[in-house]
Amino acid sequence: QVQLVESGGGLVQAGGSLRLSCAASGRTFSRYHMGWFRQGSGKEREFVAAITWNGVSTWFADSVKGRFTISRDNAKNTVYLQMNSLKPEDTAVYYCAADRSIARITEVDGCDYWGQGTQVTVSS
């Protein structure tokens, strides 16, 4: 079992930055690949970024490549999403997710564990 709690969301102007954190409970955090997803109002949830258990490999949605980075600190049971050059279209609730399968960590319907989400609002 993994419990996930996101933090760091808020209101920011376009062009600004935010860093989201996702704290995980449990002693097996380092065994899980971690992902970030988002869901805008009236939209379907979509993949944003993912990172392998050891931090060696990362993946990003085309819409955030070059602006967002994902990292993790296994000693702190935490995964981060650094978001730079934010745009109004990045406005969404951001969720972190955990799964032991690389194949599933980028899939909206695939991840085993989800946090409750944190709101990010980017004003123009």
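Before any of the text, the structure's been laid out above.
Here we summarise the structure given alongside this text.

Concerning the packing of aromatic side chains
According to the stated counting rule, one finds three aromatic pairs in the structure shown. Taking the centre distance of 5.7 Å and the plane angle of 70° together, the rings of phenylalanine 37 and phenylalanine 47 count as edge-to-face. With phenylalanine 37 in strand E4 (residues 33-39) and phenylalanine 47 in strand E5 (residues 46-51), the pair connects residues that are ten residues apart, well separated along the chain. For phenylalanine 37, a relative accessible area of 0% puts it in the buried group. With centroids separated by 4.9 Å and ring planes inclined at 55°, the aromatic side chains of phenylalanine 37 and tryptophan 114 adopt a geometry described as tilted. Pair noted here: phenylalanine 37 is in strand E4 and tryptophan 114 is in strand E10 (residues 113-114), with a separation of 77 residues, a long-range link. On the basis of relative accessible area, tryptophan 114 is assigned to the partly exposed category, the value being 24%. A network of ring pairs unites the aromatic residues Phe37, Phe47 and Trp114 as a single cluster. Of note, arginine 45 hangs over the ring of tyrosine 95, and the distance from its end group to the ring centre comes to 3.8 Å.

Quick word on unusual backbone geometry
Where the residue is not glycine, phi is negative for most of them; where a peptide bond is considered, it is trans in most cases. In the Ramachandran plot, asparagine 77 falls in the positive-phi region, its phi being about 55° despite a non-glycine side chain. You can see asparagine 77 is positioned in the loop between strand E7 (68-73) and strand E8 (78-83).

A word on the pattern of salt bridges
Opposite charge on two side chains permits pairing when their charged atoms draw close. As enumerated under the stated definition, the model contains six salt bridges in all. We note a salt bridge from aspartate 90 to arginine 67, for which the minimum N-O separation is 2.7 Å. Note that aspartate 90 is positioned in the loop between E8 and strand E9 (92-99) and arginine 67 in the loop between strand E6 (58-60) and E7, a separation of 23 residues in sequence. As far as burial versus exposure is concerned, aspartate 90 and arginine 67 are alike and both buried.

Considering the sheet that holds E8
Paired through their backbone hydrogen bonds, the strands of a sheet run either parallel or antiparallel. The strand order across the open sheet built from four strands is E1-E3-E8-E7, with neighbouring strands paired in antiparallel fashion. Each of the sheet's edge strands pairs with one partner strand only, and the pair in question is strand E1 (4-7) and E7. Shown here is a sheet whose adjacent strand axes are inclined to one another by a mean of 15°, direction ignored. Pairing of strand E3 (residues 18-24) with E8 involves six bridges; the strand directions are antiparallel.

Reading guide: rules and limits
Residues numbered from 1 in each chain as written. Predicted model: local features only at pLDDT ≥ 70, side-chain atom pairs only at ≥ 80, totals over all residues. Heavy atoms only, no water. Phe/Tyr/Trp six-rings, centres within 6.5 Å; stacked < 30°, edge-to-face > 60°. Helix = DSSP H or I, 4+ residues; strand = E, 2+ residues; numbered from the N terminus. Buried < 20%, exposed > 50% of the residue type's maximum accessible area, 1.4 Å probe, protein only. Lys NZ or Arg CZ within 6 Å of the ring centre and 35° of its normal. Salt bridge = Lys/Arg side-chain N within 4 Å of Asp/Glu carboxyl O. Pairing = 2+ DSSP bridges. Axes fitted to C-alpha atoms, helices over the stretch in contact; angles between N-to-C directions.

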